[in-house]
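Coordinates in review
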Amino acid sequence: MTEPKLVMVKRYECPTCSYRRSAKKSVADHMARCWENPANKACRTCRHFQPSVFGPPIDGPSVEERCGRGLLFELSEITGNQKLHTDCELWEPNQDQESDQS
Ligand SMILES: [Zn+2]
């Protein structure tokens, strides 16, 4: 044998982020909690969401992700990261999605 063998691998991908898995169910489960999926009414697709802002790299202030409507984010006990909201009653589509729909 002199040539490498070509192998094609099937993957399923979340249509709103780059999450990929070989099992379709894994991606379907992910899509139900994906923060980039507008159907989940999560913070990152909401017009009230304020992304984190990092100050100068040495000792400047940094601001974490925030809700412009004043909802507070809990911290995950596992990762220590902020837990964004899903299925939020204050959720409204952000500007980008509104222009996509027109
Ligand atoms: Zn996703």
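Chains are numbered independently. Their residues run from 1 in the order of the written sequence. Predicted model: local features are reported for residues with pLDDT of at least 70 only, side-chain atom pairs are reported and counted for 80 or more only, and whole-chain, interface and lining totals are derived from all residues.

This part covers the overall build of the protein. Under the scheme used here, helices are H or I runs from DSSP no shorter than 4 residues and strands are E runs no shorter than 2 residues, and both carry numbers assigned from the N terminus. Summing up its helical and strand segments, the protein has two helices and eight strands in all. Secondary structure elements of the protein, listed N to C terminal, follow the sequence β-β-α-β-β-β-β-β-β-α. With C-beta atoms placed from the backbone, a residue is buried if 20 or more other C-beta atoms are within 10 Å of its own, exposed if 12 or fewer are, and partly exposed between those counts. Counting all 102 residues of the protein, 9% fall into the buried class. The contact criterion used here is simple: two residues whose C-beta atoms, placed from the backbone, lie within 7 Å are in contact. Contacts in the protein between residues far apart in sequence, at least 24 positions, make up 32% of those at least 6 positions apart.

Let us now look at the nonpolar core. Listed in full, the five residues of the largest apolar core are Ala-42, Cys-43, Cys-46, Phe-49 and Trp-91. Sequence-distant contacts of Ala-42, that is, excluding residues within four places in its chain, are made with Trp-35, Leu-84, His-85 and Thr-86. We define the nonpolar core as any set of buried residues of the types Ala, Val, Leu, Ile, Met, Phe, Trp, Tyr and Cys, connected via C-beta atoms lying within 7 Å of each other.

On to the environment of Thr-86, then. Within the secondary structure, Thr-86 sits in the loop between strand 8 (82–83) and helix 2 (95–101). Given 16 C-beta atoms within a 10 Å radius, Thr-86 is considered partly exposed. If we skip the residues at most four places from it in the chain, Thr-86 touches Arg-33, Asn-40, Lys-41 and Ala-42.

This brings us to the environment of Pro-93. Note on placement: Pro-93 falls in the loop between strand 8 and helix 2. On a C-alpha basis, the gap between Pro-93 and Thr-45 in space is 6.2 Å, while along the polypeptide they are 48 residues apart.

Our focus in this paragraph is unusual backbone geometry. At Lys-41, a position not held by glycine, the phi torsion is positive, near 50°. Structurally, the position occupied by Lys-41 is in the loop between helix 1 (24–31) and strand 3 (49–50). A positive phi angle is found at Asp-87, which is not glycine, with a value near 55°. Turning to its location among the elements, Asp-87 is positioned in the loop between strand 8 and helix 2.

The next point concerns the confidence of the model for the protein. For every residue, the predictor assigns a confidence score, pLDDT, that lies between 0 and 100. In this model, the protein carries an average pLDDT of 86, and 85% of its residues clear a pLDDT of 70 or more. Confidence, read as mean pLDDT per element, is least for helix 2 in the protein (57) and greatest for strand 1 (residues 12–13) (98).

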